[in-house]
Amino acid sequence: FTLFGDGKNFEGVQPRFVFRLNIEGKTEDEVFAQFHSKTRYNIRVAQKNNVEVRVCGLEALEDFTRLMKITGERDGFATRPKSYFEGLLKAMGPHARLYMAYYEGTPIAGTIPIQYGDKTWYLYGASDNNYRNKMPNYLLQWEMIRWAIQSGCKIYDFRGVSGDLSEDNPLYGLYRFKKGFSGELTEFCGEFNLILRPGVNKLVELLMAGKKKLGALR
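As a convention, each chain's residues are numbered from 1 in the sequence order in which they are written. Residue-level local features of this predicted model are given only where pLDDT is at least 70; pairs of side-chain atoms are given and counted only at 80 or more, and the full residue set underlies all totals for whole chains, interfaces and linings. With hydrogens and water set aside, each side-chain value is computed from the structure's full complement of heavy atoms.

Some words on a nonpolar patch on the surface
Alright, step 1. Patch membership requires over 30% relative accessible area and the absence of a salt bridge. Like charges are linked within 9 Å, and nonpolar side chains (Val, Leu, Ile, Met, Phe, Trp, Tyr) within 5 Å. Only the protein chains shown count as covering a residue, and every accessible area follows the Shrake-Rupley method with a 1.4 Å probe. What counts as a salt bridge is simple: a side-chain nitrogen of Lys or Arg found within 4 Å of a carboxyl oxygen of Asp or Glu. Nonpolar side chains collect at one region of the surface, where Val-200, Val-204 and Met-208 lie side by side and expose about 260 Å² of accessible area between them.
Alright, step 2. Helix and strand definitions follow DSSP, with helices as H or I runs of at least four residues and strands as E runs of at least two, each counted in order from the N terminus. Considering the arrangement of structural elements, one finds Val-200 in helix H7 (residues 198-217).
Alright, step 3. The rule is simple: take the accessible area with a 1.4 Å probe, protein chains only, and divide by the maximum for that residue type; under 20% is buried, over 50% is exposed, in between is partly exposed. Given the relative accessible area of 39%, Val-200 is considered partly exposed.

Some details on the packing of helix H2 (residues 37-48) against helix H5 (residues 136-150)
Alright, step 1. Think of each axis as a best-fit line through the C-alpha atoms, taken over the contacting stretch in the case of a helix, with angles from 0 to 180 degrees between the N-to-C directions. Put simply, H2 and H5 touch, their axes get as near as 8 Å, and they point 100° apart. It follows that H2 is roughly perpendicular to H5 by the angle criterion. Together, Thr-39, Asn-42, Ile-43, Ala-46 and Gln-47 of H2 and Tyr-138, Leu-139 and Trp-142 of H5 make up the contact between the two elements.
Alright, step 2. All residues other than Ala, Val, Leu, Ile, Met, Phe, Trp, Tyr, Cys, Pro, Asp, Glu, Lys and Arg, Gly among them, are scored as polar; the first ten of these are nonpolar and the last four charged. Counted by class, the contact of H2 with H5 contains five nonpolar, three polar and no charged residues. Convention used here: angles under 35 degrees read as roughly parallel, angles over 145 as roughly antiparallel, angles from 65 to 115 as roughly perpendicular, and any remaining angle as oblique. The criterion used for residue contact is that any of the two residues' heavy atoms lie within 4.5 Å.

Focus on the pairing of strand E6 (residues 119-127)
Alright, step 1. Paired strands, in this sense, are two strands between which DSSP finds at least two bridges. Relative to E6, strand E5 (residues 106-116) runs antiparallel, the two being bridged by eight bridges. Among the inter-strand pairings, Tyr-116 is bridged to a residue of E6, identified as Lys-119.
Alright, step 2. Counting the residues that bridge the hairpin from E5 to E6 gives two residues, and of these Gly-117 lies at a positive phi of roughly 60°.
Alright, step 3. The pairing of E6 with strand E7 (residues 155-160) spans three bridges and is classified as parallel.

Let's talk about unusual backbone geometry
Alright, step 1. One non-glycine residue, Met-135, lies in positive phi territory at about 60°.
Alright, step 2. For Arg-159, which is not glycine, the phi dihedral falls at a positive 70°.

A few points about the packing of aromatic side chains
Alright, step 1. Working definition: rings of Phe, Tyr and Trp (its six-membered ring) pair if their centres are within 6.5 Å, and the pair is stacked with planes under 30 degrees apart, edge-to-face with planes over 60 apart, and tilted otherwise. Per the stated rule, a full pass over the model turns up 17 aromatic pairs.
Alright, step 2. Relative to Tyr-175, the ring of Phe-19 has its centre 5.6 Å away and its plane inclined at 45°; by these criteria the two rings are tilted. Of this pair, Phe-19 sits in strand E2 (residues 17-22) while Tyr-175 sits in helix H6 (residues 172-179), and the two are 156 residues apart along the sequence.
Alright, step 3. With relative accessibility at 2%, the residue Phe-19 sits in the buried group.
Alright, step 4. What makes Tyr-175 buried here is its relative accessible area of 11%.
Alright, step 5. Ring geometry for Phe-85 and Tyr-124: centres 5.2 Å apart, planes at 85°, overall edge-to-face. With a gap of 39 residues between them, Phe-85 in helix H4 (residues 82-92) and Tyr-124 in strand E6 connect regions that are remote in the sequence.

What about the nonpolar core?
Alright, step 1. As used in this record, nonpolar core signifies buried Ala, Val, Leu, Ile, Met, Phe, Trp, Tyr and Cys residues forming a set joined through side-chain atoms within 4.5 Å. Grouped together as the largest cluster of nonpolar side chains are 33 residues, with contacts concentrated most on Phe-35, Ile-145 and Tyr-156.
Alright, step 2. Secondary structure elements with two or more residues in this core: E2, helix H1 (28-34), H2, strand E4 (98-103), E5, H5, E7 and H6.
Alright, step 3. In terms of residues, this core owes the most to one element, H5, which gives nine residues.
Alright, step 4. Those residues in contact with Phe-35, other than ones at most four positions away along the chain, are Leu-21, Arg-40, Ile-43, Trp-142, Ile-145, Gly-180, Phe-181 and Ser-182.
Alright, step 5. Residues Met-68, Met-100, Ile-112 and Ala-126 belong to the second largest nonpolar core, which totals 19 residues.

Some details on H4
Alright, step 1. Along H4, the positions that sit buried rather than exposed are Phe-85, Leu-88 and Leu-89. Along the axis of H4, the buried residues cluster in a sector spanning 90°; they form a single face. What points out from H4, more than 90 degrees from its buried face, is the exposed set Ser-83, Lys-90 and Ala-91.
Alright, step 2. The inward-facing, buried residues of H4 abut helix H3 (61-75), E4, E5 and E6.
Alright, step 3. In the segment just after H4, Gly-93 is the residue with positive phi, at about 55°. The arc in question is traced by the directions running from the helix axis to the C-beta atoms.

Quick look at the structure:
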């Protein structure tokens, strides 16, 4: 076996480092009180600006996918098509939700969480380049955490962060945002490859590296 993506950032398919919030047996007020003061403040900023968070159906996927594309271009990652998110929501049924944040009727951010067993996972998040001062992402997180509490979950999982916690890491802002909700940094063992044919594996690695370089050049 070889460790796949042995760095501390997002080299693997699944993140090795995540933030998890223990909500077992806690009320909404108790969980909210745990948040850092700046996080509580930003949630209230969104509320004072009349940012409205709705649980939406498939009709809102066009807006969500558009916001996801904007987010991917801003932060430098590949995004998935509308059909992928539609398939996800249909397959998960009541165990997945599409949350959208609106300001004066305009969709400005969205998230997709899922639930399984005693956990809620924050899977996807997107936001417009405008209206970020309205703090919709903070209010969206709070609404998803509230859903987890109301559903009797024990853990709310914010998903991936970098394991490199130095402030000069470009991913430090993501860590700081999730840390504000007072979760616990959790490290998993990572992903491992079982290589059955080393020659073929080396060829695939070279082809993938070439494809990545070609994409960067484009």
